[in-house]
Amino acid sequence: MANLNMVQAINLALIQEMEKDERVLLLGEDVGANGGVFRVTEGLQKRFGEKRVVDTPLAESGIIGTAIGLAMGGLRPVPEIQFEGFLGPAYDQICSHAARMRSRTRGAFQVPLTIRVPVGGGIHAPELHSDSPEAIYAHTPGLKVVMPSSPYDAKGLLVAAIRDPDPVIFFEPKRIYRAFREEVPEDEYVLPIGKARTVCEGNELTVVSWGASVIQCMQAIEKSGKSVELIDLRTIYPFDIEAVEASVRKTGRCVVVHEAPLTAGMGGEVSARIMERCFLHLEAPVQRVAGFDTTMPYYKLELEYMPDAARIGRAIDDVMAY
Amino acid sequence: MPITTAFKTEIPRVSILDEQGNFDEKLGKGLIPDADLVKLYEAMYACRHLDGVAFRLQRSGRMGTYPQNMGQEATSLGAAYVLNKNDWLVTCYRENCGLFWRGVPMESILLHWMGDERGNAMPREHHATPIAVPIGTQMLHATGLAWAAKYRGEKQIACTFFGDGATSEGDFHEAANFAANLKIPVVFVCQNNFWAISVPGHIQCSAPTVAQRGLAYGMECLQVDGNDIFATVWAMRKAAEHARTTGTPYFIEMVTYRLGDHTTADDASRYRDKAEVEGWKAKDPLIRVRKHMERLRLWSDAKEKELAERTEKVVAEAVARAENIAAPHTADFFNAMYQELPADLAMQRDTMQTHSLGQDPGQLSSTEHLNKPAEHAHH
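Reading the values: rules and limits
- Residues numbered from 1 in each chain as written.
- Chains lettered and ligands numbered in written order.
- Predicted model: local features only at pLDDT ≥ 70, side-chain atom pairs only at ≥ 80, totals over all residues.
- Helix = DSSP H or I, 4+ residues; strand = E, 2+ residues; numbered from the N terminus.
- Buried ≥ 20, exposed ≤ 12 C-beta atoms within 10 Å, placed from the backbone.
- Contact = placed C-beta atoms within 7 Å.
- Pairing = 2+ DSSP bridges.
- Domains from an automatic or database assignment.
- Right-handed = clockwise from strand over helix to strand, strands pointing away.
- Core = buried A, V, L, I, M, F, W, Y, C linked by C-beta atoms within 7 Å.
- Nonpolar A, V, L, I, M, F, W, Y, C, P; charged D, E, K, R; others polar.
- Axes fitted to C-alpha atoms, helices over the stretch in contact; angles between N-to-C directions.
- Parallel < 35°, antiparallel > 145°, perpendicular 65-115°, else oblique.
- Left-handed = near helix turned anticlockwise from the far one by under 90°.
- pLDDT = per-residue confidence, 0-100.

## Things to note about the overall build of chain B
Okay, so step 1: Along chain B, the regular secondary structure elements total 15 helices and 8 strands.
Okay, so step 2: Counting only C-alpha atoms, chain B reaches 90 × 65 × 45 Å along its principal axes.
Okay, so step 3: Within the span of chain B, comprising 379 residues, buried residues form 46% of the whole.
Okay, so step 4: In chain B, the share of contacts with a sequence separation of at least 24, taken over all contacts with a separation of at least 6, comes to 72%.

## Description of the sheet that holds strand β3 (residues 158–163) of chain B
Okay, so step 1: Spatial strand order, β1-β7-β8-β4-β3-β2 (chain B): 6 strands in an open sheet with parallel pairing. The open sheet has two free edges, formed respectively by β1 (13–14) and β2 (88–90) of chain B, since each of these has just one partner strand.

## Description of the domain arrangement of chain B
Okay, so step 1: Taken domain by domain, chain B comprises domain 1 (13–324) and domain 2 (330–367).
Okay, so step 2: With centres defined by C-alpha atoms, the gap from domain 1 of chain B to domain 2 of chain B works out at 43 Å.

## So, the pairing of strand β4 (residues 186–192) of chain B
Two faces belong to every sheet, and in a regular strand the side chains alternate between them.
Residues and elements named next belong to chain B.
Okay, so step 1: Burial of β4 is extensive: 7 of the 7 residues sit out of reach of the surface.
Okay, so step 2: Of the two faces of β4, the one carrying V186, F188, C190 and N192 and the one carrying V187, V189 and Q191 are both buried.
Okay, so step 3: Bridge count for β3 against β4 is 6 bridges, and the pairing is parallel. Directly across from T160, in β4, lies its bridge partner F188.
Okay, so step 4: In this region the chain leaves β3, passes through helix α7 (residues 170–181) and returns to the parallel neighbour β4; the handedness of that crossover is right-handed.

## Digging into the nonpolar core
Most often, soluble globular proteins have nonpolar side chains that are buried together.
Okay, so step 1: One finds V255 of chain A together with L77, L110, A146, V186, V187 and I252 of chain B to be the most contacted residues of the largest nonpolar core, which totals 200 residues.
Okay, so step 2: In terms of residue count, the dominant contributor to this core is helix α2 (residues 34–59) of chain B (11 residues).
Okay, so step 3: The residues touching V255 of chain A, leaving out its near neighbours within four places in the chain, are L205, V207, Q287, V289, I312, A315, I316 and V319 of chain A.

## Comments concerning the interface of chain A and chain B
Okay, so step 1: With 39 residues of chain A in contact, the opposing surface of chain B contributes 38 residues.
Okay, so step 2: Of all the secondary-structure elements, those providing two or more residues to the side of chain A that touches chain B are α3 (60–72), α4 (91–98), α5 (101–104), α9 (241–251) and α10 (266–278) of chain A.
Okay, so step 3: The leading source of residues in the side of chain A that touches chain B is α3 of chain A, at 9 residues.

## Focus on the domain arrangement of chain A
All names here are of chain A.
Okay, so step 1: Assigned domains of chain A: these are domain 1 (2–184) and domain 2 (197–321).
Okay, so step 2: Using C-alpha coordinates to define each centre, domain 1 is positioned 26 Å away from domain 2.
Okay, so step 3: If you list the elements that add at least two residues to the side of domain 1 that touches domain 2, you get α6 (134–138), β6 (144–146), α7 (151–163) and β7 (168–173).
Okay, so step 4: Taken together, the residues of the side of domain 1 that touches domain 2 sort by class into 14 nonpolar, 7 polar and 6 charged.

## Thoughts on the packing of α9 of chain A against α10 of chain A
Residue and element names in this part refer to chain A.
Okay, so step 1: One can describe the packing of α9 onto α10 by two numbers: an axis separation of 10 Å at closest approach and a directional angle of 60°. Here α9 is positioned oblique relative to α10, judged by the angle of their axes. The handedness of the crossing between α9 and α10 comes out as right-handed. Here I241, V244, E245, V248 and R249 of α9 lie close against α10, whose contacting residues are V270, R273, I274, R277 and C278.

## Section: the confidence of the model for chain B
Residue and element names in this part refer to chain B.
Okay, so step 1: For chain B, mean pLDDT is 94; residues scoring 70 or higher make up 94% of the total.
Okay, so step 2: Here residues 365–379 scores under 50 on pLDDT; set against residues more than four positions off or in separate chains, the count is 19 contacts.
Okay, so step 3: For this predicted complex, the interface confidence reaches an ipTM of 0.96, while the overall pTM sits at 0.96.

## Describing the sheet that holds strand β11 (residues 228–232) of chain A
Residues and elements named next belong to chain A.
Okay, so step 1: Taken in spatial order, the 5 strands of this open sheet run β9-β11-β10-β13-β14, and their pairing is mixed. For this open sheet the edge positions go to β9 (197–200) and β14 (287–291), each flanked by a neighbour on one side alone. Pairwise comparison of adjacent strand axes, ignoring direction, gives a mean angle of 25° for this sheet.
Okay, so step 2: The sheet contact formed by strand β10 (residues 205–209) and β11 spans 5 bridges and is parallel. Within the sheet, the bridge partner assigned to V207 lies in β11 and is L230.
Okay, so step 3: Of the strands in this sheet, β10, β13 (254–261) and β14 touch α10, which is tilted by about 160° from β13.
Okay, so step 4: Sheet strands touched by helix α12 (residues 309–321): β10, β11, β13 and β14. Its angle to β14, the strand with the most contacts, is close to 165°.

Written as C-alpha cells, this is what we have:
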C-alpha cells in the first residue's frame, strides 16, 4: 500500500501495464521528456524509452488517428489529449472511426484504445481548459466513457480501460488530481468498467454523481444531516443503472449532480432511467444540479458555474421537503 | 550579405508508356515481365467490367450509390502489384483494382455499396482496410499501422491512397507530418484526378504539383503518369524500397482522371467540359497496355474475346454471391458494437425497443401485459 494522489495512482497504473504488456505505448504532446503538462507520465520515458513514450507533433487528430492505426495493428496505445478543450480537433477520428471500426467491419477490426483526457474546471485554468464534455462521447455508440473520482478508482479503472478490447475515453478530473491522497495498493487490481461505487449509504435520498463533483456531494451530504446515499457512477457509459435503481427504490428521492451543462447532459439520461424504472417508488421528482447552459466562464467565475456543496445542499433540502 | 538559396529542388515526373504508345526502354525494360503484364491488363479489364456492371446494378435499383473507378485502374494496381502481401493497403474508394489484386473478393466491394457491413469484414490476411468514405481520414490509420509494424521490428510498410481533394484536409497534413517526423514507413499516394466532385484541382492546391505537398514535410516525392501502369509500378518500386530501407515516408502524385461521374448520384456533365473528358478517354490506361501487348505479340483479338467471356462470368458470379448472401440480422448491428455487449444494449437487441415498459424484468408486474417483446425481433 502507498499513500498516493490521483496523478501518482495513474502513473503507477501506466507503469504496471507497460511492464506487463509490451503492446502498451503512450503518445501525445509533452508526454515524454516533460512528463505531461500535469506530470501524469513523469519519468515514464526515462523508464521505458522513446519508443514506448512518444512525444508527437502538436496535432490532436493526428494523435488519435495514428493511435487508431496502432490499435488496428495490434498494439494497445494510450494517447493523451492535454485538456478536454482540445478534443475538438480529434472528434472526427474518435467518433467517426475509433467508435465505429468494430461495428462497420463486423468485428474484423478492433480498436483497443484508451484516450486519457484531463477534464473539468476548478483549477483556475485558461479558456478551453475547464469543460466537461462526457455526454458527447457517451452519446456516441461504440465508445466507453470512464471518469474516476479517487486515486484508488483511477488506478483500477485505468487498468481495466487499457485492457478493454474497445475504445475508452478516460476522463481524469484535474481538480482532484492532487486534492487528496488515499491508500492505493501497489498490487494489481482491476475495477470493472460499468460498475458504480456506493460512496456512503443512506435511506432518505440518493445522490448520483461522478468525477470531481463527488467530492462536492460528500461535503453537501455531510452538512445536510440527512441519511443520504451517494452513488459514484465511475463509468458514464455503460452506466450502472442497476446500482442507481436499487438505491432509488430504497430512498424514493434522487438528485443527480454533474459539472457538465444541464441540457442533454448525462443527468437527463440518469433521471429518465430512474423515471422509467422507479416511477411508483418516487416520492419527489428527480432533480439535477449541473453546470449552467452557458459557456464555461473564465476562472474568476468558474466556482459560481460549477455545482458546489451549497447548491447541492439546496437541492437535497428541496427534494426532501417535496 | 547577399541573398543565398536556403533550399532548392525539383519534382521529377515519370512516364514510361504514353498514350501514343511510346515506350521508354531505359526505364521500362524488364520492369514488368510479359506474363505479369498480361495479368495486370486482365485485372484492369475485370475492374472496368465490374464498374460497368455495378453502375447498371445501381440504375436498376439493385445497389445503392456507387463510385465508379473507370479510368483510374492503373494507380492502385501498380501499388498492389509491387507491395508485399503483408504490407498494409489503406485506401479510399476508387482503388478497387488494387484491392482485387490483393485478393479482396469483388463481392466485398459490392456488398459495401449494397448497404451491408459484411462487405467491410475483410479477412485479415489481405492487409487491406475497408473502404473509407469521409475523405482524408485514412492516411492517419495507415501511419499508425506502419508505426505498429515498426514498433514490433517488422519490415512491413503501409501504402495509403487518397485524392487531390483529400490533400486539403487537415488529417492529410497531420499524417504526412507524423510519418515524416516520427520516421514511419508510409507511402502516400495521391490520385490526382483533377476533380473533387465538382470542385477543380486549383481550388484544392495552387502549387504547380500536388507532389510538392510531400516535399513540404521533408519527404521525397515524385509525380507520375497515373494512367501508365509501367510508371505507377516504377514509382511504387522506388517508394516501397525507400520506405523499407530508410523507414521513412515517400510521396507519389499519380496524375489520372475520373472518366465517370463522382458517384451514381452525380452528373459530371454539369461541371465538366465534354472535350476535356474526350481528351482523357484517349489516355485510358487500358488502351495503351493493350496496344503495347499487341506490338509485343502478347495479345490478340481472340485473347481479348476470351478475356471478355471469362471476365463476364467471374463478375456475374461475384454479383450473384453478393445478391444471394443471407439477409442480415438486426442482432448483427448490436453484436458488433462491443466485444462484450453492455446489458442495456443487449436488452435493446433482444426486444427491439427502447421504451422500457414490458422490456425491463424489474418493472412492476402490473405492466407485464404491455408490449411483450416481439417474437420476430431477431428477424
